[in-house]
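A look at the structure
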Amino acid sequence: MAIGPSGPVQIAPSILSADFAELGRGIAAVERGGADLIHIDVMDGHFVPNITIGPPVVKAIKRVATRPLDVHLMIEQPERYVDDFVSAGADMLSVHVESARHLHRTVALIKSCGILAGGVLNPATPAAALEEIAGELDFVLVMSVNPGFGGQEFIPQSLEKLRRVRDVLARAGSSAPIEIDGGIDQSNAAKVVAAGATILVAGNAIFGTGDPEAATRALRAACGSTATSRA
Ligand code: DX5
Ligand code: ZN
């Protein structure tokens, strides 16, 4: 499966900041605005302090979304829930290197289900942590805030981290997409794209506005000319 239908840089609105009582409407709005993926943050109150949603909600979203579902697992023992999220309709499933004790096995399990497997790095986890697994990953997610909450400030060192992750992937012979997640908005979109990000997650900058449709469009526009020139 290709990641997203509309061009080299993908916009992935995170529903974490959406009005959960109006989730279907919110998703329709960002899809009208050109969203490529719908980013869904799963939190368990253990790996991260917050608790969000589980497979039943993903299943409900699958009924209304027309874009692939990008499910970001911020949970302990993610391998226990892979089947449930695949059955619920995840098209991409990412697991943190800090929580997946047997990461290679978990990545293989996700891929064996026929969906895309991603590895996630917390801000304090070095890019080098991916060296032995880089060639197996369909995508990498770089956290540019500490996971757990929407609306936090972008950590500037994430730009250098993106470059290092791109190097690690290149050394493994991979040109896998790199997703950036946390504090992304119009002010830093072009910078993260220039540093190597190809999938931009944004929660607050899209659903925290009065017009998620327009905000999705604006974020893509803010990626600048780099967005259309990357291979
Ligand atoms: C944070 C989540 C993010 C979050 C991003 O733990 O992984 O996906 O929704 O939200 P913003 O864009 O508001 O930082
Ligand atoms: Zn996320």
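First things first, this report covers the structure right here in the doc. (Residues numbered from 1 in each chain as written. Chains lettered and ligands numbered in written order. Predicted model: local features only at pLDDT ≥ 70, side-chain atom pairs only at ≥ 80, totals over all residues. Heavy atoms only, no water.)

1. Some points on the nonpolar core
What counts, and what does not: For our purposes a nonpolar core is just a set of buried Ala, Val, Leu, Ile, Met, Phe, Trp, Tyr and Cys residues, chained together by side-chain atoms within 4.5 Å. For the exposure calls, accessible area comes from a 1.4 Å probe over protein chains only, and a residue counts as buried if that area is under 20% of its type's maximum, exposed if over 50%, partly exposed in between. Any two residues having at least one pair of non-hydrogen atoms within 4.5 Å are treated as being in contact.
Counting residues in each nonpolar core, the largest one holds 64 residues, and the members touching the most others are Ile-15, Ile-40, Val-71, Leu-93 and Leu-200. Excluding its chain neighbours within four sequence positions, the residues that come into contact with Ile-15 are Phe-20, Leu-23, Ile-27, Ile-38, His-39, Ile-40, Ile-53, Ile-61 and Phe-207. In terms of nonpolar packing, the next biggest core, distinct from the first, is built from 7 residues, Leu-37, Leu-116, Phe-139 and Ile-199 among them.

2. Considering the coordination of the zinc ion (ligand 2)
Here is the rule: Donors, by definition, are the N, O and S atoms found within 2.8 Å of a metal, the threshold being 3.2 Å for Na, K and Ca, and water is not counted, so a site can look incomplete. In short, tetrahedral needs four donors with all angles between 85 and 135 degrees, square planar needs four and octahedral six donors with opposite donors over 155 degrees apart and all other angles between 65 and 115, and whatever is left is irregular. Labels follow the DSSP assignment, with helices taken as runs of H or I lasting at least four residues and strands as runs of E lasting at least two, numbered in each case from the N terminus.
Protein coordination of the zinc ion (ligand 2) is provided by His-39 (NE2), Asp-41 (OD), His-72 (ND1) and Asp-181 (OD), with donor distances spanning 2.0 to 2.3 Å. If you look at the zinc ion (ligand 2), its 6 donor atoms make angles of 70 to 169° with each other, and the shape they trace is octahedral. If you list the donors of the zinc ion (ligand 2) from N- to C-terminus, the spacing comes out as H-x1-D-x30-H-x108-D. Of the two residues, His-39 sits in strand β2 (residues 38-43) while Asp-181 sits in strand β7 (residues 178-181), which places them 142 residues apart along the sequence.

3. Side note on the pairing of β2
Test applied: A crossover counts as right-handed when, viewed with the strands pointing away from the observer, the path leading from the first strand over the helix to the second turns clockwise.
The buried fraction of β2 amounts to 6 of the 6 residues, a majority that puts the element mostly inside the structure. The alternating pattern of β2 places Ile-38, Ile-40 and Val-42 and His-39, Asp-41 and Met-43 on opposite faces, both of which are buried. Between the parallel elements β2 and strand β3 (residues 69-74), the chain passes through helix α2 (residues 55-64) in a crossover that is right-handed.

4. Observations regarding the packing of helix α1 (residues 23-32) against helix α8 (residues 212-222)
Rule in force here: Axes here refer to lines fitted to C-alpha atoms; in helices the fit is confined to the stretch in contact. Angles between the N-to-C directions go from 0 to 180 degrees. Crossing handedness is read from the near helix: turned anticlockwise from the far helix by less than a right angle, it gives a left-handed crossing, and turned clockwise, a right-handed one. Charged means Asp, Glu, Lys or Arg here, nonpolar means Ala, Val, Leu, Ile, Met, Phe, Trp, Tyr, Cys or Pro, and polar covers whatever is left, Gly included.
Running from N to C, α1 and α8 cross one another at 35°; their axes reach a closest spacing of 7 Å. Viewed along their axes, α1 and α8 form a crossing whose handedness is right-handed. Together, Ala-29, Val-30 and Arg-32 of α1 and Pro-212, Glu-213, Thr-216 and Arg-217 of α8 make up the contact between the two elements. Per-class residue counts for the contact of α1 with α8 are 3 nonpolar, 1 polar and 3 charged.

5. Details of α8
Taken residue by residue, α8 has Pro-212, Glu-213, Ala-215, Thr-216, Leu-219 and Ala-222 as its buried positions. Positive phi appears at Gly-224, one or two residues downstream of α8, with a value of about 75°.

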